[in-house]
Amino acid sequence: TGSDTPTVFYFGYGSNMLKANLVGVKGVEPVRMIPGVLRGYELDFSFTQCGMGTGNITANEDEEVHGALIEVTRDGWEKLQRFESGYKEVKKMVTPYKERIPVEASVFIVTQEDAPGRYDKDGQPSANYLEILIKGAEELGIDQAYVKQLKNVEPVNQRTQPTPDEIEKINSKTFTIDEVKALEGAPHTIIRGIVLSCPGLPVVSIDSTSSLANRWVHATPENTASPDQYPPELVKYLQTAIYDELIMRFKTEILGK
């Protein structure tokens, strides 16, 4: 897959196993997407964000990781590289289920040295993230024994509703749009009708309420479609990821509604 070749092979073992996520959120339409296996590694969730683990792989000669062997255009590959910031790219031999002939593919991994503040070998995924992996694996036709392993992963205990204190803050004041625009100090935003102060949000990304903002930065007709067109698991995953990013990473404060 040299720089002069029109396509790149990539092995996705996390949320990119779900085509709706790859196309709908990241705007990458695969040329080809087939099940494959990477031997000598095991799946874990050691790359953490906001206290929850996301997919990673660690060397283990007795294990194997199943996922999507994806062929993408150069443009699609560059989009994926931007989305997968924090990971490093390595080349590995991945064996397709049917052809059985190993293919060199790019794989994203993280080591403790790469991300000391975000690496946790005991990291646990959110339930929503797990749903994305399981749905993607099932649609792809991944080995049932491996799908069962995914279903047996214990997710982190994650709340899905505001606390009573948060509800009280939401109802404490009702803003007009002009009043929100007039607020001074930290960046402010409105998410699902809730007015938020985001002191940890860089001013340069005032329109980027989470790392998922790449969806808009690299907008296409497909990835800006209505969420109604996405599978329910993907909608829930995106909503929860945005909430967790805002509350935990950017120390967001609820001001009202």
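Please read these numbers as outputs of a predicted model, since none were measured by experiment.

1. Structural notes on the pairing of strand β2 (residues 32–49)
At step 1: The pairing of β2 with strand β3 (residues 52–73) spans 15 bridges and is classified as antiparallel. Of the residues in β3, the one forming a bridge with Arg 39 is Glu 64.

2. Thoughts on the confidence of the model for the protein
The predicted coordinates ought not to be read in detail in places where the model reports low pLDDT.
At step 1: Across the protein, pLDDT averages 79, with 71% of residues at or above 70.
At step 2: Taken element by element, the predicted model of the protein shows its lowest mean pLDDT in helix α7 (residues 214–217) (41) and its highest in helix α4 (residues 144–151) (96).
At step 3: Taken as a whole, residues 202–219 scores under 50 in pLDDT and shows 33 contacts with residues more than four places along the chain or in a different chain.

3. Concerning the environment of Glu 99
At step 1: Mapped onto the fold, Glu 99 is located in the loop between β4 (88–96) and β5 (103–109).
At step 2: Residue classification places Glu 99 among the partly exposed residues on the basis of a relative accessible area of 43%.
At step 3: Sequence spacing of Glu 99 and Gly 36 is 63 residues, and the spatial spacing of their C-alpha atoms is 9.6 Å.
At step 4: Residue contacts for Glu 99: discarding those within four places in its chain leaves Arg 32 and Ile 34.

4. Considerations on the side chain of Asn 56
At step 1: When you line up the elements, Asn 56 lands in strand β3.
At step 2: The buried category is assigned to Asn 56, whose relative accessible area is 0%.
At step 3: A distance of 2.9 Å separates a polar atom in the side chain of Asn 56 from a polar atom in the side chain of Ser 46.
At step 4: When neighbours within four sequence positions are excluded, Asn 56 is seen to be in contact with Tyr 13, Glu 42, Leu 43, Asp 44, Ser 46, Phe 47, Tyr 87, Ile 109, Val 110 and Tyr 119.

5. Section: the pattern of salt bridges
At step 1: By the definition in use, this model includes 11 salt bridges.
At step 2: The salt bridge partner of Glu 29 is Lys 19, with a shortest N-O separation of 3.9 Å. Placement of the pair is Glu 29 in the loop between α1 (19–25) and β2 and Lys 19 in helix α1, with a sequence separation of 10 residues.
At step 3: Arg 32 is paired through a salt bridge with Glu 71; the nearest N and O atoms lie 3.4 Å apart. Of the two residues, Arg 32 sits in strand β2 while Glu 71 sits in strand β3, which places them 39 residues apart along the sequence.
At step 4: The class for Glu 71 is buried, based on a relative accessible area of 14%.
At step 5: Here the salt bridges do not stand alone but share partners, grouping Arg 32, Glu 71 and Glu 99 into one network.

6. Some details on the nonpolar core
One broad trend across soluble globular proteins is that nonpolar side chains are buried collectively.
At step 1: Counting residues in each nonpolar core, the largest one holds 43 residues, and the members touching the most others are Phe 11, Tyr 13, Ile 57, Val 65 and Leu 150.
At step 2: Listed by contribution, the elements that provide at least two residues to this core are β1 (7–12), β2, β3, α2 (74–83), β4, β5, α3 (127–140) and α4.
At step 3: With seven residues, the top contributor of residues to this core is β2.
At step 4: If we ignore the near neighbours within four places in the chain, the residues touching Ile 57 are Tyr 13, Leu 38, Tyr 41, Glu 42, Leu 43, Asp 44, Val 65, Val 107 and Ile 109.

Rules used throughout
- Residues numbered from 1 in each chain as written.
- Predicted model: local features only at pLDDT ≥ 70, side-chain atom pairs only at ≥ 80, totals over all residues.
- Heavy atoms only, no water.
- Pairing = 2+ DSSP bridges.
- Helix = DSSP H or I, 4+ residues; strand = E, 2+ residues; numbered from the N terminus.
- pLDDT = per-residue confidence, 0-100.
- Contact = heavy atoms within 4.5 Å.
- Buried < 20%, exposed > 50% of the residue type's maximum accessible area, 1.4 Å probe, protein only.
- Polar contact = N/O pair within 3.5 Å; in protein donor to acceptor, adjacent residues only side chain to side chain.
- Salt bridge = Lys/Arg side-chain N within 4 Å of Asp/Glu carboxyl O.
- Core = buried A, V, L, I, M, F, W, Y, C linked by side-chain atoms within 4.5 Å.

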